[in-house]
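# Observations on chain architecture
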Amino acid sequence: MVRIPVFRLLGLTGVSRVSLLEGSGSRHYSSGSLGARDAICDARAYFTTPIFYVNAAPHIGHLYSALLADALCRHRRLRVPSPAATRFSTGTDEHGLKIQQAAASAGLAPTELCDRVSAQFQQLFQEAGISFTDFIRTTEARHRVAVQHFWGVLKARGLLYKGLYEGWYCASDECFLPEARVTWQLGPSGDSCPVSVESGHPVSWTKEENYIFRLSQFREPLQRWLRGNPQAITPEPFHHAVLQWLEDELPDLSVSRRSSHLHWGIPVPGDDSQTIYVWLDALVNYLTVIGYPSAEFKSWWPATSHIIGKDILKFHAIYWPALLLGAGMSPPHRIYVHSHWTVCGQKMSKSLGNVVDPKTCLDRYTVDGFRYFLLRQGVPNWDCDYYDEKVVKLLDSELADALGGLLNRCTANRINPSGTYPSFCTTCFPSEPGLLGPPVRAQAEDYALVSAVATLPKQVADHYDNFQIYKALEALSSCVRQTNGFVQRHAPWKLNWESPVDAPWLGTVLHVALECLRVFGTLLQPVTPSLADKLLSRLGVSATERGLGELYFLPRFYGHPCPFEGRKLGPETGLLFPRLDQSRAWLVKAHRT
Ligand code: MSP
């Protein structure tokens, strides 16, 4: 069913524009809706998270990867609500030497370890509201079929050959390293040990006959792809970094290991003595999910956005596109890259004992609170540091005080005794401030607020597109502050509903603030789904009025009817976001020491 925005039903234009005089210049304002589902219309979009290793329990870094993908995906669903238009996959990466060794040292069969940890990821993601449509495990039969088929295509196209491969191998990172990327460090027993420069993980010398992929043939095609698609890898510094890497020679890549050494994986078709390299196996998950090798995958590929951490950029931006080109397919449309979370200035690691458990955080700060924190504070371009006090401070100030306080101020019985969305008075707040003077009550700052909130949905959409979700939340938070300033300035609690002079202006102040809150609630849905639902329900906004295509801010100001005016507010359901009060903050500190 095609849903038509209210204004189109009324025969009005999708995005209303009015001219406002402010200061000396004339400016154009829009009502804030993203309007027609124009550019993206009903095209399909497929979002993916990396699939997670099952050698250890999930930590907040893993949750962050999944949350970024979830927020992008939920934002897209607000623009294109058809469930058939968006797909979102996540899952677990269960093969390889790393898992084989982790299972052995835990005294478990690999399948036992995989079942246990994969279930932990699924549980965590469900609890955190990750709205995936597919969860894949690389140990599933459908995946083995896809990987072996993909292998067969590369083989048939002459891109695999057998040869002697010699070099450093890092089991933790599951990759070969050139000599220049290896350094020597003192190990636990005081001996000097070779480690990866990037990750610091131990490496060992490997010499084997393997199947090798002709990666070197793809250097120029990859350069052409990246130069022709400047948005392929976002944010830009990562795009630039990959082009820099491609300035150097691109050696061929070993894509199998001896089965006697690595038995936990998918066998090379027709050669049981070799197991397929875990990264080739893992990357193909993105195709397995959409039905590869059956032709149905073509309706989702390459309309794909991969969300990944910076540590796995080389695999996604060089190996994967080269493998795809080799198999006669296009590289993915977008690769969104994020940086890492550190804890009190240090890398998170089991050996340092500083791994932050995401479940504890979700319990302590609520699902919406912790989602908001990670997405508001996580900056894709550089690493972010985690500590508990930061969470308490941010959530108390932005969700409890600023947003919750604003909602409370506009809906509380003593200010809004009728419990309705009051009328907007165009005489008190005309769209042409040229008519300033009584009975006009709006001031220059109020026009600035209207302008800021009207342009917010577009700004937010641009930030999502540039993978700067924290900037979207920063802009939103600044508008919340501005709205609180507006309410403070006009002090509706000092105005009297009984006075014929005050009442229209009092209604207008509340109407504008509620309209701002409606925009905030709508835009917060991808980040804090339950809190946004609570907010919108309190405003009386129905489920069909929450999309971005329907988001027409303050229509009365622009001369259009407002469907909310006079409507009963939703039931009062308590504080929007209770403060994480002093005692809880104290408990948090106690927990850390
Ligand atoms: N299994 C591979 C991915 C294969 S995708 C075809 C892998 N798994 S992982 O479990 O190690 O990492 C999964 C994701 O978590 C990656 O995007 C990685 O960057 C991210 N993070 C791991 N530690 C992180 C932080 N400390 N902070 C933020 N994200 C982090 O790599």
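Residues numbered from 1 in each chain as written. Predicted model: local features only at pLDDT ≥ 70, side-chain atom pairs only at ≥ 80, totals over all residues. Heavy atoms only, no water.

## Examining the pairing of strand β6 (residues 134-137)
What counts is decided by this rule: Throughout, exposure labels follow a simple rule: accessible area from a 1.4 Å probe, protein chains only, divided by the maximum for the residue type, with under 20% read as buried, over 50% as exposed, and the rest as partly exposed. Here a strand is any run of E in DSSP of at least two residues, a helix any run of H or I of at least four, and the numbering for each starts at the N terminus. Here the rule is simple: two strands pair whenever DSSP picks up at least two bridges between them.
Neither face of β6 is open: one carries Asp134 and Ile136, the other Phe135 and Arg137, and all of them are buried. Sheet topology places strand β5 (residues 86-93) next to β6; 4 bridges connect them, and they run parallel. Within the sheet, the bridge partner assigned to Ser89 lies in β6 and is Asp134.

## A look at the sheet that holds strand β11 (residues 204-213)
Read across the sheet, 4 strands follow the order β8-β7-β11-β13 without closing on themselves; strand pairing throughout is antiparallel. Only two strands of the sheet have a single partner each, and these edge strands are β8 (175-177) and β13 (253-254). Taken together, the 10 bridges between strand β7 (residues 160-170) and β11 define a ladder with antiparallel strand orientation. Following the sheet pairing, Trp168 is matched in β11 by Trp205.

## Remarks on the packing of helix α4 (residues 110-127) against helix α11 (residues 358-365)
The line we're drawing: Working convention: axes come from line fits to C-alpha atoms, limited for helices to the stretch in contact. Angles between N-to-C directions cover 0 to 180 degrees. The cut-offs work like this: below 35 degrees is roughly parallel, past 145 is roughly antiparallel, 65 to 115 is roughly perpendicular, and the gaps in between are oblique. Crossings are sorted by hand: turned counterclockwise from the far helix by less than a right angle, the near helix makes the crossing left-handed, and turned clockwise it makes it right-handed. Residues are treated as being in contact if the distance between any of their heavy atoms lies within 4.5 Å. Three categories are distinguished: nonpolar for Ala, Val, Leu, Ile, Met, Phe, Trp, Tyr, Cys and Pro, charged for Asp, Glu, Lys and Arg, and polar for the others, with Gly belonging to the last.
Contact pair α4 / α11: the axes reach a minimum separation of 11 Å and the direction vectors enclose 20°. With respect to their mutual orientation, α4 and α11 come out roughly parallel. Our pair here, α4 against α11, has a crossing hand that is left-handed. Facing α4, whose interface residues are Gln123, Leu124 and Glu127, α11 presents Pro358, Lys359, Leu362 and Asp363. Here the contact of α4 with α11 is built from residues that sort into 3 nonpolar, 1 polar and 3 charged.

## With respect to the pattern of salt bridges
Our working rule: Here, a salt bridge means any Lys or Arg side-chain nitrogen found within 4 Å of an Asp or Glu carboxyl oxygen.
Using the criterion set out here, one finds 27 salt bridges in the structure. Lys359 is paired through a salt bridge with Glu127; the nearest N and O atoms lie 2.6 Å apart. Highlighted residues: Lys359 in helix α11 and Glu127 in helix α4, separated in sequence by 232 residues. For Lys359, a relative accessible area of 28% corresponds to the partly exposed category. One network of salt bridges, in which partners are shared, links Asp70, Arg74 and Arg371.

## Describing the packing of helix α7 (residues 236-245) against helix α10 (residues 313-326)
Two elements in contact, α7 and α10, have axes whose closest approach is 11 Å; the angle formed by their N-to-C orientations is 60°. When the axes of α7 and α10 are compared, the pair comes out oblique. The chirality of how α7 crosses α10 is right-handed. In contact with Phe238, Val242 and Trp245 of α7, α10 contributes Leu313, Lys314, Ala317 and Ile318.

## Looking at helix α6 (residues 219-228)
Using the following cut-off: As used here, the arc belongs to the directions running from the helix axis to the C-beta atoms.
Taken residue by residue, α6 has Leu222, Gln223, Trp225 and Leu226 as its buried positions. Projected down its long axis, α6 carries its buried residues within an arc of 160°, all on one side. Residues of α6 that are exposed and point over 90 degrees away from its buried face: Glu220, Arg224, Arg227 and Gly228. Buried positions along α6 lie against β12 (233-234), α7, α10 and β18 (334-338).

## Some details on the environment of Arg334
The condition that has to hold: For this analysis, a polar contact is any N or O atom pair within 3.5 Å, provided that within protein one partner can donate a hydrogen and the other can accept it, and provided that sequence-adjacent residues contribute only side-chain to side-chain pairs.
Relative to the helices and strands, Arg334 resides in strand β18. On the basis of relative accessible area, Arg334 is assigned to the buried category, the value being 12%. Separated by 30 residues in sequence, Arg334 and Thr304 place their C-alpha atoms 6.4 Å apart. What Arg334 contacts, discounting residues up to four positions off in sequence, is Gln231, Ala232, Thr234, Thr304, Ser305, His306 and Asp465. Within the local environment of Arg334, its side chain forms a polar contact with the backbone oxygen of Asp465, the two atoms lying 3.1 Å apart.

Take it as geometry only, folks, not as evidence of what the structure does.
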